[in-house]
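What the coordinates show
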Amino acid sequence: MAHRSGPSGFLLTTYDTAVNWTRTRSMWTATFGLACCAIEMMATGAAHNDLARFGMEVFRASPRQADLMIVAGRVSQKMAPVLRQVYDQMSEPKWVISMGACASTGGMFNNYALVQGVDEVVPVDVYVPGCPPGPQSLMHGILTLQDKVMSGEITR
Amino acid sequence: MSIYSSLADAFPSVEFEKVLDPPQDVAHVPAADYPEFVAAAKTAGFDVFADLCGVDYLRRDPRFEVVLNLLSYSESARLRIRVGVPAADPKLASITDLFPGANFYEREAFDLFGVVFEGHPDLTRIVLPDDWEGHPLRKDYAVGSVPVRFKESPKAQ
Amino acid sequence: MSDTPNVVTGDLEAPTTEAPQELSESTSEVAENRREVHDMWVAGSEEPGWMRSYTDEGAQEMLDAGDEPVQEIYRGTVVTDDFIEDEPADDDELQILNMGPQHPSTHGVLRLHLELDGETIRRVKPIIGYLHTGMEKTAETLTYMQGSTNVTRMDYLSPMHMELAFSLAVESLLGVEIPERGQAIRILLTELNRVSSHLVWAATQGTDLGAVSMLIYGLRDREYILQFFEKTTGLRMNHNFIRPGGVAADLPDGWEEDIEQIIGKVEQGVSEYEELFNGNPIFRDRTIGVGVITPEECKALGVSGPIARGSGINWDLRKAFPYSGIEKYDFEVPTGKHGDVWDRYIVRIEEIKQSLGIVRQVLETMPAGDYRTEDRKVTPPPRKRIDESMEALIHHFKLFTSGFKAPAGETYRAVESPRGELGMYIVSDGRERPWRMHARTPSFNHVQALPTMMTDSLVADIVATIASCDPVLGDVDR
Amino acid sequence: MGWFADMLGPFRGFAVTLRQMTRPRLTTSYPKEKRVKPQRFHGRHVLNRYPDGMEKCIGCELCAGVCPARCIYVRGADNPPDNPVSPGERYGFIYEINMLRCIFCAMCVEACPTEAITMTHLFEMSTTTRDDAIYTRDELLVEMDGTPRHPDPPNRLFDFDELKLGSGWMRATAPGGRAAFEGVVAWTPSATQGELPAERGQSAASGAEDPDPDSRSSSPQGGEELPTDPPDRSSSPDGEELPTDPPGSVDPDSTRSSSTPQGGEELPSDPKDRHEP
Amino acid sequence: MSGWELFFEAAIKAVAVFALVLVTVIILVWFERKVVADMQNRLGPMRAGPWGILQTIADGVKLIFKEPVVPRKVEYALYMVAPIAALVPAILIFMVIPIGEPFTLGDRVINLAGADLNIGLLYILAMSSVAVYAVVLAGWASGSKYPLLGSVRASAQMISYEAAMGLALVPVVMFTGTTSMSKIVDAQAGDFLGFLGVWNIILIPSFIIFFISGVAETNRAPFDLVEAENEIVGGYHTEYSGFRFALFFLAEYANIFNISAITVTLFLGGWHGPNFGAPDWIAWALPIFWFMAKSFMLVFVFVWIRASLPRMRYDQLMAFGWKKLIPVSLLWIVLSSVAIAVRRLGLPWT
Amino acid sequence: MNPELVVFIVFAAAALAGAVTLVAARNPVYSAMGLLLTMVSMAVFYVLNDAHFVAVVQVLIYAGAVMTLFLFVIMLIGVDKEESREEKIPYQRPIVAVLAGGLIMLVFLAGRTAWVVFDNGVTPVGTIENIADELFGTWMLPFQATILLLTIAAVGSLALALYQGGARVESALAGEPEDEPAAESGGGE
């Protein structure tokens with residue numbers, strides 16, 4: 001969609017917007033809970049914060065059906081290939097939220113065992129600081145991602 | 001406490017040391033006596049396996065030490081067993097036949113310190129990938145930290 | 001097995017079947033396992049070959065940034081990477097299933113290597129290390145002052161217990177006494193933490209057995225405790241609140257009402273869980289007689305906590321080696337008989353009630369006074385004093401730049417965490433950082449005991465058993 | 001009776017789930033409404049100013065030293081004599097926090113001798129790049145009126161009510177464990193927020209019967225003495241007078257209500273007023 | 001009436017039924033998520049349209065535009081066929097369910113059902129027994145182990161409960177004397193004491209057995225071991241993504257509604273219900289309303305069960321089916337046939 | 001050209017394709033699917049001939065139950081194994097050729113025969129009643145005897161299977177070794 005001039009441009013834009021809207025409203029999450037952040041991710045899904053409001057309570061155990069991978073927790077050197085593999089198994093379009101200090105940069109564990117930032121392994125769309133980020137911080141990250149998705153075009 | 005003294009009588013080569021906080025005994029066991037001592041401790045009542053870990057006293061001889069914690073439910077007593085392991089030949093008998101619970105702990109000590117437990121059924125790396133080089137909890141193994149990223153710090157440039 | 005070298009390495013140029021490991025006595029077994037690894041790694045069969053060599057037991061380093069995966073995905077077409085040969089069919093009955101490390105019911109990143117005969121499990125091998133964080137190494141770089149931030153992230157469901165064990169160990173090295181109020185606050189927070197941890201267990205146990213609402217209910221009731229923790233410590237988890245020398249701050253205003261509210265909410269919640277599960281025939285059938293472990297096995301494997309108590313071992317460190325003044329409070333130690341999932345369920349539910357009882361006693365008998373030792377080598381001076389006294393300012397600077405020194409020696413202190421005996425072994429060389437810090441974490445033993453509980457049970461029993469062990473992988477791998 | 005309960009057993013679970021439908025829903029609809037955060041909440045850091053606009057940071061690097069994640073980078077520089085930035089000799093001319101490393105343990109807040117760095121209730125820090133999460137001095141410094149700067153002001157989720165609150169942890173840890181110092185205002189006033197009140201009703205201060213901490217032998221090294229005159233009338237360390245506000249009158253959770261500066265008029269005469277160069 | 005005329009009528013009805021199934025599923029998914037949320041003190045979907053009413057549409061459109069990955073090891077043809085094989089029986093079953101009162105158009109009576117087969121019940125059983133193929137094929141064709149486990153579980157489960165389901169229907173057939181769905185509905189017309197419908201609900205054991213088997217046939221909790229997320233990841237649809245997964249999703253919910261609708265038709269009086277003397281223009285739609293209302297009430301029960309019960313284990317499931325449901329339904333057949341015989345022929349000693 | 005003919009042609013082609021698949025497919029699952037396709041097509045033919053009941057029973061019993069069991073067994077006994085291409089019967093191919101020729105001749109002969117069409121005015125409605133009358137009236141005793149025989153055969157074959165390769169069948173059929181669910185399943189159907 002390089003050229004979007006003329007009357008069809010409007011249609012295409014509407015089409016893009018509509019599809020992106022569905023994507024933001026129905027972003028199914030791959031369960032990639034690793035450590036502390038996973039517990040907060042669960043808490044985000046629980047009654048007090050309710051991820052379901054975003055249509056996101058559908059945690060898919062199978063990465064094939066997931067749109068979003070929330071890397072929740074520290075990624076060890078041993079886990080990194082698995083992470084990459086789960087990412088590869090997800091079908092396009094897919095997004096990654098790096099939740100928490102450990103996933104984003106290694107956090108306070110600046111040592112031999114951890115991958116210092118999950119963006120060394122998979123492309124990350126949104127970083128959520130916090131250790132662990134509270135449910136609302138995570139939701140802010142999700143909203144940031146939704147903004148990002150809405151502003152982009154359909155890639156496929 | 002009789003449970004300690006009976007052990008002390010049986011093993012004159014073992015040095016006992018009293019610790020007050022928390023009250024318990026620490027046994028300094030020569031590596032040669034280690035499995036027999038553990039077996040004796042088990043029969044003496046310390047039949048619960050609690051903990052096993054390695055320590056690297058870099059500049060001391062023997063350089064490594066394996067620390068074993070046993071527990072007695074009946075006497076509410078603890079026993080800490082410290083065994084020196086020389087750096088040149090870091091080998092120690094495995095006690096997995098006495099305490100199956102030592103299995104993972106010995107693997108961990110092997111993984112992180114390189115202490116080889118002879119007679120262990122499956123002495124492989126446990127927490128680190130199999131192809132890892134080195135034993136990270138040794139003192140001569142670097143922490144492996146990377147510089148923290150800043151905008152204006154000299155390292156970030 | 002060995003005729004498909006590419007399967008093992010995924011590398012056309014330099015095929016090798018040699019597993020790069022030293023001192024391994026079971027290389028062939030590992031290699032054999034490796035061939036199967038890709039089948040069931042996470043969800044599917046389709047693993048690009050380049051990944052396989054790295055994924056087998058984890059990898060030390062990642063691919064170069066420019067290295068693209070071999071796999072090409074075309075929209076709507078078959079993914080082809082034809083250099084991987086199809087494996088020959090198995091003639092034996094056993095099929096190998098890799099559960100995890102990313103599986104919804106392995107509570108994090110535990111990986112189980114299963115040999116299945118139909119749906120029956122013949123052999124289990126837990127593989128851990130996917131969350132190895134190097135905390136024991138990090139602890140050697142942090143001062144005792146900062147140490148709590150490190151240990152609190154080990155067992156992320158019971159951070160207070162981790163902090164307490166660390167603080168107790170450091171205090172036993174230092175030989176400082178904690179004021180009564182500090183001790184009472186510690187007990188209050190750790191017992192609340194026990195409740196919140198057990199609530200997460202209840203949530204996961206329920207949801208792993210398929211009762212989806214239980215996940216929400218457990219986390220819902222835990223939220224009240226977390227809110228209190230947040231009010232007290234400023235953080236919902238990983239509090240860094242119990243420190244060597246006492247606690248970081250006093251309880252916030254109105255804490256009594258909060259505690260009353262928590263007790264009310266959790267008691268109501270627990271009664272609801274019992275209503276949901278106790279009489280439910282499906283739940284009973286799925287838990288009674290499942291995942292049995294005997295007291296002898298518990299002792300030999302070092303299994304502690306509710307699992308050991310579920311087997312009938314009447315052992316609780318709070319009774320046997322009381323810490324932090326827990327002996328002043330009145331509580332029972334529930335035990336089971338059969339050591340199955342059901343008994344552990346009963347024990348944990350009862351422990352929630354007992355802990356709430358302790359919390360209520362603490363609420364009633366909270367002493368006044370200092371909540372942190374006033375040893376200036378350990379505790380920073382009151383902020384007011386910094387302005388007034390040069391000495392206080394020096395203490396402040398000294399403490400926050402280099403921390404405090406602990407006398408040389410070694411110590412092992414254990415507390416009863418929600419999962420069992422949580423010990424902290426610290427070797428000090430007389431400086432302000434531990435020479436060696438080792439955490440004896442209960443989940444480590446429990447994961448080790450999983451094969452004992454699981455062998456010859458069904459696939460569905462795996463999840464029930466894992467959930468009833470309530471392992472926290474941060475606790476296992478550290 | 002027992003058999004009856006047994007028979008009902010399978011169905012009692014249904015009653016539980018059905019009962020929930022009559023209960024209120026607990027959900028906070030986040031983008032529309034936010035959870036009320038407690039005073040001590042550890043949020044994003046800010047660098048504070050004195051009421052006259054001077055920066056509080058003196059570039060002493062205590063925060064950087066104590067940070068377990070090493071996520072703070074500070075460089076101090078001598079104050080320019082003609083236009084001093086901070087009241088002391090030095091000021092922090094580079095101050096960066098890598099929020100993605102930060103674990104929000106608030107050790108920096110405890111360490112800071114001048115209360116320069118405190119934590120607000122801001123929690124919305126998600127970024128799309130790693131660099132955006134590195135906060136520089138410009139972003140961390142509060143405005144002259146004490147409002148923290150936010151890197152993304154047009155953000156629709158921006159809540160101005162949250163901005164001026166915070167520093168609860170600094171106040172909570174100020175007594176250093178001593179009951180007698182609880183409720184003692186021991187910090188300098190900040191820009192327009194004036195002198196922040198002590199965290200209300202620290203229970204020992206309001207209810208302790210131990211009147212004379214000097215007689216105790218629990219402070220052997222410090223040799224400090226209690227302040228002779230209580231700096232804040234409302235919360236005396238002697239514990240004889242109760243705080244002027246009854247403890248229940250203000251919801252401790254409600255950060256909004258307690259955010260009003262209470263001691264503003266006392267500022268000029270405060271003895272600890274260190275901001276005069 | 002020529003063959004083509006019939007053909008077109010059938011075609012129109014088929015399209016209408018398909019549309020109805022789609023719309024119902026869209027509402028159904030939203031309904032389920034809302035009800036489950038309500039049972040868990042939550043709000044449920046809120047941000048897709050008002051009260052999240054467009055949630056299902058968002059899900060569906062998103063899935064359609066998602067990349068359908070086809071893993072390397074699949075059996076291509078069967079992998080592709082399986083999702084369709086899941087949806088077709090679901091829609092075919094719905095074809096025979098009368099959703100409202102027949103009305104006359106010109107000189108023809110048009111049934112509000114796709115087709116009014118005189119062997120409707122058997123047809124339903126046949127179709128639901130074919131539905132298992134989708135699950136089995138999906139699991140097998142995926143060429144990976146979790147789906148295979150799921151499909152093995154599915155085939156055993158669905159065969160077992162098919163038997164119980166069929167047996168549960170025998171008393172209904174005996175009671176009403178027909179296997180045509182519309183005639184079964186007709187047999188439940190009229191009321192008792194002025195307000196209670198004369199429904200087949202008096203065959204309560206049949207009703208319960210049928211509903212339980214129906215829950216099992218649709219692989220819903222507590223019988224959802226086929227796709228038990230905590231055990232075998234996604235079960236048979238683990239390897240499916242994009243719109244193929246959406247087809248499975250659609251089929252599952254269509255089946256839920258089917259079971260509810262069949263139960264309503266067989267036991268709860270179908271579209272019968274009080275009309276409160278409503279005017280004609282509204283009385284026309286009232287049967288459809290009653291039908292839908294009753295069906296959604298049963299859907300609510302589905303959701304309620306899911307929110308309340310833990311999942312059964314494989315062996316317990318089989319034991320429950322073979323050792324409890326089938327013997328009970330056999331016993332009930334005997335009892336009810338005796339009762340019916342007595343009602344028709346009188347007591348032997350009179 | 002009426003719709004019935006269209007339907008017939010389509011499903012006749014499907015039936016043939018299914019039959020060919022059944023014989024030709026290497027993978028037993030595909031063979032089973034081919035058989036399934038043929039059966040369903042047959043059911044459609046029954047419908048075209050107004051034999052609704054037979055059609056439904058065809059689907060219910062053969063497609064629904066029997067084939068599912070086939071599949072179940074095929075999957076459990078190693079799906080990945082290909083059928084052996086070895087010919088075990090001597091002179092297999094010539095025999096098949098002769099038989100095929102005979103079949104084709106039969107079809108031609110059948111096509112030339114003048115079929116007697118009964119048209120006694122009996123509407124196909126009520127087929128169930130007719131069948132039931134026949135089964136439970138006229139042929140009551142043979143019917144029951146057949147049931148008994150089939151049950152015995154099922155139980156016997158299972159017993160044999162259990163005797164030879166015990167573990168497999170046990171775990172295959174229920175995952176519950178202590179019961180004999182297989183025997184029950186024979187009775188239940």
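Above this text you will find the structure in question.
Read on for a plain summary of the structure. (Residues numbered from 1 in each chain as written. Chains lettered and ligands numbered in written order. Predicted model: local features only at pLDDT ≥ 70, side-chain atom pairs only at ≥ 80, totals over all residues. Heavy atoms only, no water.)

**Here we look at the interface of chain E and chain D**
Contacts between the two partners involve 12 residues from chain E, matched on the other side by 13 residues from chain D. At the boundary of chain E with chain D, total buried surface from both sides reaches about 1,300 Å², with 61% on carbon and sulfur atoms. A per-residue breakdown of the area chain E buries against chain D is headed by Asp38, Asn41 and Leu43 of chain E, which together make up 45% of the total. At the junction of chain E and chain D, the tally comes to one salt bridge. Close ionic contact of arginine 25 of chain D with aspartate 38 of chain E constitutes a salt bridge, the shortest N to O distance being 3.0 Å. The tally of links from chain E across to chain D stands at six residue pairs in polar contact (both at pLDDT 80 or more). Those elements that provide at least two residues to the side of chain E that touches chain D are α1 (3-39) and α12 (286-308) of chain E. Among the elements that line the side of chain E that touches chain D, the one with the most residues is α12 of chain E, at five residues. Counted by class, the side of chain E that touches chain D contains seven nonpolar, two polar and three charged residues. (Contact = heavy atoms within 4.5 Å. Buried area = accessible area lost by both parts, 1.4 Å probe. Salt bridge = Lys/Arg side-chain N within 4 Å of Asp/Glu carboxyl O. Polar contact = N/O pair within 3.5 Å; in protein donor to acceptor, adjacent residues only side chain to side chain. Helix = DSSP H or I, 4+ residues; strand = E, 2+ residues; numbered from the N terminus. Nonpolar A, V, L, I, M, F, W, Y, C, P; charged D, E, K, R; others polar.)

**Some thoughts on the environment of phenylalanine 11 of chain F**
All names here are of chain F. Turning to its location among the elements, phenylalanine 11 is positioned in helix α1 (residues 3-24). Assessed through its relative accessible area of 27%, phenylalanine 11 is described here as partly exposed. When near neighbours in sequence (up to four residues on either side) are disregarded, phenylalanine 11 contacts Ser41, Val44 and Phe45. (Buried < 20%, exposed > 50% of the residue type's maximum accessible area, 1.4 Å probe, protein only.)

**So, the interface of chain C and chain D**
Contacts between the two partners involve 60 residues from chain C and, on the opposite side, 70 residues from chain D. Carbon and sulfur atoms supply 52% of the area buried between chain C and chain D, which totals about 5,400 Å² over both sides. When the area that chain C buries against chain D is broken down by residue, the three leading residues are Glu275, Arg383 and Lys384 of chain C, summing to 15%. The interface formed by chain C and chain D holds six salt bridges in total. A salt bridge links arginine 243 of chain C to glutamate 110 of chain D; its shortest N-O distance comes to 2.5 Å. On the surface where chain C and chain D come into contact, there are 18 residue pairs in polar contact (both at pLDDT 80 or more).

**What to know about the pairing of strand β2 (residues 23-29) of chain B**
Residues and elements named next belong to chain B. Most of β2 sits inside the fold, with five of its seven residues counted as buried. Bridge count between strand β1 (residues 15-20) and β2: six bridges; the pairing is antiparallel. Bridge pairing links leucine 20 to proline 23 in β2. In this structure, the hairpin formed by β1 and β2 is closed by a connection of two residues. By the bridge criterion, five bridges tie β2 to strand β5 (residues 77-85) in an arrangement that is parallel. Across the sheet, residue aspartate 25 finds its bridge partner in β5, namely leucine 79. (Pairing = 2+ DSSP bridges.)

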